[in-house]
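Secondary and tertiary structure notes
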Amino acid sequence: MSYTALYRKYRPAEFDDVKGQEHIVTTLKNQIKADRIGHAYLFCGTRGTGKTTVAKIFARAVNCEHPVDGSPCGECPACRAIASDTAMNVIEIDAASNNGVENIRQIREEVSYSPTEGRFKVYIIDEVHMLSAGAFNALLKTLEEPPAYVIFILATTEPHKIPVTILSRCQRYDFRHISIDTIAGRLKELIEKEGVEAEEKAVRYVAKAADGSMRDALSLLDQCLAFYMGEKLTYEHALEVLGAVDTEVFSRLLRGILSGDVSAAVRLLDEMIIQGRELGQFVTDFIWYLRNILLVRNSDDMEDVLDMSAENLALLKEEAKMTEDTVIMRYIRIFSELSGQIRYSAQKRVLIEIALIRLCRPQMESTQDSLVDRIAHLEKQIAQGVIAPAPGQQRRIPADEKPEKEEQPLQMPKAIPEDIRQVVKNWNSIIRELSGPVRTYLKGVRLSLGGENKLLLVFDDQMAYTFVSEGNRRQEIETAISGRIGREVEIDLRQNETGQSAQESFPDLQKLVNMEIEIEDDTSDAW
């Protein structure tokens, strides 16, 4: 005998077997017991939540000769015929492949004939949102005034695509996402029936990976059991089969991102690829990990919601103290965008690497949350004493610390070309003539000499250097200079990579020129 998949083998045969949809099951059972059966039902919900299963149980229950508390008995000829798909009065239609007007016209012709056996003729139309506009119009009249012995059950995952005229004629039932506890409990029952041994942690991970779908959970469990036939299903086995990543890996990845270590983050991704992990699942799981951190930061009682061990929860709380809400929300935004892009991309690895670089380098973006991330990073550097003090401020030396040897002052250039001198004197006026963003990024720039008759602009801020270097912004500055002093001066842009501030690494022309002006003023006063 051929093997039967678990989701087919253990499909519920009565209402009490349906898990996680008690609000719907109770209502349908009460309607059957009170003989208040409607003529049209709409079952909505994501895949694998029990829409078609409940529809088939309902079709058996309304035709059962001896219903038990609103559920089919399973013993009468009608129940056995419907269960074996040989009943003539239960018709199941796939609207994805039978979505034309002709298919619906055929139904309209058939409903005029009463059922040959049982009380009701039940039409189950799956994925009803796939019907064409003409087919919906053809179905409308039949739904409005059906014969007393006809019941329509429409199932769909996208109810927003169904015309309002159809919705208003149906009793709507929304199938919920099934909780992890409910799915895990059902999986344990089936594992015991199958005579298989499995770790609690492995079962719960499969239930979590199913994302609220009981059918998906059974399919994933079937896949895990088949791969490790005859062995105990462990948490590591489940991760390997499903191409998932352990929580500890996400902890290492987040710490690397928070420290701005691009190479560590990319190396970790490379390890996951070598191990054969599924990259789409990797992105989804990391989003969930970031979500857990956000929840931990905003509530002290998250043990039940997060569904993780005490060790992992302690690690999560430790990492929650290392960052800010706005930073985590930025990470979630970037990876959520990545989740949509990676689904159909042939270069998944490249997209993930770009996203990791964006997380490590917030200065690459100009969005509000990235600016907040940069500010938080700067505040951390200031607290650690990484950033040098501003000009004119002296660093306090503790009593037990020996003062460092005083460095020799930078040698000032002996002669400054007259054109450069004029630019330095008029620099504030030149800046005011530039566009807003350029003017902002030039506020902290250092003016120095860049060669023969060249003005050197030195930037400490990498983002400011990158911004001014792009496009025609250099030409905009040169044009403003020539317009102010009447002569053209070539400028050179440079980013300070010496490890010191630009004030410490390059001669300050503004200071030198202003000093010369003061000396000249003093001389004129003396005469």
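All figures in this text were calculated on a predicted structure; none of them were measured in a lab.

For helix H2 (residues 22-34), with 13 residues, the first-to-last C-alpha span of 18 Å sits near the 18 Å given by 1.5 Å per residue. Residues Ile24, Val25, Leu28, Lys29, Gln31 and Ile32 constitute the buried set of H2. The buried residues of H2 occupy one face: seen down the axis, they fall within an arc of 160°. Among the structural elements, strand E1 (40-44), helix H3 (51-63) and strand E5 (171-174) are those in contact with the buried residues of H2. Residue Asp35 follows H2 closely and has a positive phi angle near 55°.

A few words on the environment of Leu290. Here Leu290 is to be found in helix H14 (residues 279-298). By relative accessible area, which is 0% here, Leu290 ends up buried. Sequence-wise, Leu290 and Ile332 are 42 residues apart; in three dimensions their C-alpha atoms are separated by 6.6 Å. Dropping the residues within four chain positions of it, Leu290 is found in contact with Leu254, Ile328, Tyr331 and Ile332.

This part covers the pattern of salt bridges. Under the criterion given, the structure shown has 27 salt bridges. With a shortest N-O distance of 3.3 Å, Lys29 and Asp16 are connected by a salt bridge. Placement of the pair is Lys29 in helix H2 and Asp16 in the loop between helix H1 (6-9) and H2, with a sequence separation of 13 residues. Taking relative accessible area as the criterion, Asp16 reaches 49% and is therefore assigned partly exposed. The shortest N-O distance in the salt bridge between Lys56 and Glu92 comes to 3.4 Å. With a gap of 36 residues between them, Lys56 in helix H3 and Glu92 in strand E2 (residues 90-94) connect regions that are remote in the sequence. The class of Lys56 is partly exposed, set by a relative accessible area of 23%. Overlapping salt bridges bring together Asp16, Lys29, Lys33 and Asp69 as one network.

Before going further, it helps to spend a moment on the pairing of strand E3 (residues 121-126). When you tally the buried positions in E3, you get 6 out of 6 residues, the bulk of the element. With burial as the criterion, each face of E3 is covered, one bearing Lys121, Tyr123 and Ile125 and the other bearing Val122, Ile124 and Asp126. Handedness of the crossover joining E2 and E3 through helix H5 (residues 101-110): right-handed. Where E3 and strand E4 (residues 150-156) come together, 5 bridges link them in parallel fashion. Pairing of Ile125 across the sheet is with Leu154, part of E4. Handedness of the crossover joining E3 and E4 through helix H6 (residues 133-144): right-handed.

Each value, and the rule that gives it
Residues numbered from 1 in each chain as written. Predicted model: local features only at pLDDT ≥ 70, side-chain atom pairs only at ≥ 80, totals over all residues. Heavy atoms only, no water. Helix = DSSP H or I, 4+ residues; strand = E, 2+ residues; numbered from the N terminus. Expected span 1.5 Å × (residues − 1). Buried < 20%, exposed > 50% of the residue type's maximum accessible area, 1.4 Å probe, protein only. Arc of directions from axis to C-beta. Contact = heavy atoms within 4.5 Å. Salt bridge = Lys/Arg side-chain N within 4 Å of Asp/Glu carboxyl O. Right-handed = clockwise from strand over helix to strand, strands pointing away. Pairing = 2+ DSSP bridges.

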